[in-house]
Amino acid sequence: RTAGTGHTEQTSIFGSLEYDLTDRLTLSAEARRTKEQKDSNIGSIAGAPGVDPDGPAGKDETWWFTTPRFTVNFRFTDDVMVYGSAAKGVKAGGFNQRASIPSEVGYDPETNWTYEIGAKSGLFDGRVRANLALFYIDWKGLQVQGPSENPNELGFVTKNFGSVKATGGEFELAMKVAPGATFNLGLAYTNPEFQEDAFDFAGVLTCSRIPSCATRIVTVATPQGPRQTVSLEGLQRRRSSEWQGLAKFDMSRALTGEWEWFGNATYSYTSKQYQALANYNWIGARNLLGVRAGVQRGEHRLMAWVENALDDRTPLSGGLGNIELNALVLTPLATLPDKRRFGITLATRF
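Note that the structure is predicted; figures quoted are calculated from it, not measured.

1. Overview of the overall build of the protein
So, point 1. The helix and strand tally for the protein stands at two helices and 25 strands.
So, point 2. Against the globule reference of 20 Å for 350 residues, the protein gives a C-alpha radius of gyration of 26 Å, more extended than a compact globule.
So, point 3. In terms of principal-axis extent, the alpha carbons of the protein reach across some 80 × 55 × 50 Å.
So, point 4. For the protein, buried positions account for 34% of its 350 residues.

In structure tokens:
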């Protein structure tokens, strides 16, 4: 058994500056300077009930990072604006509980730069809103498991290496199609791909049992000597969908007296998602439809609803594992979704 404690404290200062070069052209700059302090202590208490989680074996790290954003906006008309931006993002660092050398006690934050251009518009007296964005993301210092710099340590520790690049776009449309009726449409595409410096050391055993994955196993030099690893170059970041879509229709009308009726339908789509770093398993595309309709008056509402109306059975997540520790056969594991659900809800607010 283990016992442990951990704390995180962040202190930051933020500033922004905006300047109108002309009546239509605006420049802005923002920046946040952050100090992040973390401490962690996990101590074994098997046969030693006196271990103090706050004792001298604790780990303490401090990281400083700056996250700026620069934006330029240009208004063609009062209804149409185009923009460009560049922004840096950071994912916090952490600790290796099994680190065998001081330099690997903590691993650093991940960083990325996102570059985006787009257009925003409100047309026909605000009855139509259309937005478009194209982006490119350069993601470095991934926090992944790899060999220690200690030549005597055969296990893996979390380190910062490898990179991902992503390109994509988003489109959004919102329309008032009739009095009391609106239609929304959203579509997004992204393709986050690992670069040539990305490897999966921990996945070699599983990958070696799958013919389509085994061809990706390569040998690289490490402090422990030549070791096998899985090359991730060109593969997609796991648990990410290339395509996502959303369509929604809402409508409400007066019924009689103070009563009104309402209804909406929402459809969403997500394309397949790889579940392993080496992309050898995935869950399929999901198609979800929800429908609601009812009547309401003031604080009172009566509503009938259906969730997952298409009865989509696509798993929420999946993977390969061994049910028994010594099993030689990989067993598929999946988290299943709720099937079609329907009901009636009576609600009041007070």
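Structure's up, so let's keep going.
2. A few points about the state of the cysteines
So, point 1. According to the stated counting rule, one finds one disulfide in the structure shown.
So, point 2. Paired through a disulfide, Cys 207 and Cys 213 show a sulfur-sulfur distance of 1.8 Å. Taking the sign of the S-S torsion, -105° for the link of Cys 207 and Cys 213, the bridge is left-handed.
So, point 3. Taking the relative accessible area as the measure of exposure, Cys 207 reaches 0% and is therefore buried.

3. Examining the nonpolar core
So, point 1. In this structure, Phe 194, Cys 213, Val 230 and Leu 232 are the most contacted members of the largest nonpolar core, which totals 18 residues.
So, point 2. Of all elements in the fold, only α1 (204-208) and β15 (217-222) reach the threshold of two or more residues within this core.
So, point 3. Setting aside anything within four residues of it in sequence, one finds Phe 194 in contact with Leu 142, Ser 163, Val 164, Leu 232, Glu 233, Gly 234, Leu 235, Gln 236, Arg 237 and Leu 277.

4. Quick word on the packing of aromatic side chains
So, point 1. Here the structure, examined in full by the defined rule, presents nine aromatic pairs.
So, point 2. Taking 5.1 Å as the distance between ring centres and 90° as the angle between the ring planes, the aromatic pair formed by Phe 74 and Phe 76 counts as edge-to-face.
So, point 3. Looking at Phe 74, the relative accessible area reads 29%, which means it is partly exposed.
So, point 4. An angle of 15° between the planes, with centres 6.2 Å apart, marks the rings of Trp 113 and Tyr 115 as stacked.
So, point 5. By the ring-pair criterion, three or more aromatic residues cluster together here, those being Phe 156, Phe 161, Phe 199 and Phe 201.
So, point 6. The lysine or arginine in question, Arg 237, covers the ring of Trp 139, its NZ or CZ lying 4.5 Å from the ring centre.

5. A closer look at the confidence of the model for the protein
So, point 1. In the predicted model, the protein carries a mean pLDDT of 89, and the fraction of residues at 70 or more is 91%.
So, point 2. Taken element by element, the predicted model of the protein shows its lowest mean pLDDT in strand β23 (residues 317-321) (78) and its highest in strand β12 (residues 181-190) (97).
So, point 3. Note that residues 45-56 has pLDDT below 50 and, in this model, 15 contacts with residues that lie over four places away or in other chains.

6. Remarks on the side chain of Ser 121
So, point 1. Position of Ser 121 among the secondary structure elements: in strand β7 (residues 110-123).
So, point 2. A polar contact is formed between the side chain of Ser 121 and the backbone oxygen of Ala 130, at a distance of 2.8 Å.
So, point 3. Beyond its immediate chain neighbours, meaning those up to four positions away, Ser 121 contacts Asp 79, Val 80, Val 128, Arg 129, Ala 130 and Asn 131.

7. Notes on the sheet that holds β15
So, point 1. Ordered in space as β14-β16-β15, the three strands form an open sheet in which the pairing is antiparallel. Both edges of this open sheet fall to β14 (199-200) and β15, since each of them pairs with a single strand only.
So, point 2. Across six bridges, β15 lies against strand β16 (residues 225-231) in antiparallel orientation. What sits directly across from Ala 221, in β16, is Pro 226.

8. Remarks on the environment of Glu 260
So, point 1. By secondary structure assignment, the location of Glu 260 is in strand β18 (residues 259-270).
So, point 2. The partly exposed category is assigned to Glu 260, whose relative accessible area is 29%.
So, point 3. Between the C-alpha atom of Glu 260 and that of Gln 296, which follows or precedes it by 36 residues, the distance is 5.6 Å.
So, point 4. With sequence-adjacent residues up to four places away left out, Glu 260 is seen in contact with Arg 253, Ala 254, Leu 255, Gly 294, Val 295 and Gln 296.
So, point 5. One polar contact links Glu 260 to Gln 296, side chain to side chain, over a distance of 2.5 Å.

Conventions we followed
Residues numbered from 1 in each chain as written. Predicted model: local features only at pLDDT ≥ 70, side-chain atom pairs only at ≥ 80, totals over all residues. Heavy atoms only, no water. Helix = DSSP H or I, 4+ residues; strand = E, 2+ residues; numbered from the N terminus. Rg over C-alpha atoms; globule rule 2.2 N^0.38 Å. Buried < 20%, exposed > 50% of the residue type's maximum accessible area, 1.4 Å probe, protein only. Disulfide = S-S within 2.5 Å. Core = buried A, V, L, I, M, F, W, Y, C linked by side-chain atoms within 4.5 Å. Contact = heavy atoms within 4.5 Å. Phe/Tyr/Trp six-rings, centres within 6.5 Å; stacked < 30°, edge-to-face > 60°. Lys NZ or Arg CZ within 6 Å of the ring centre and 35° of its normal. pLDDT = per-residue confidence, 0-100. Polar contact = N/O pair within 3.5 Å; in protein donor to acceptor, adjacent residues only side chain to side chain. Pairing = 2+ DSSP bridges.

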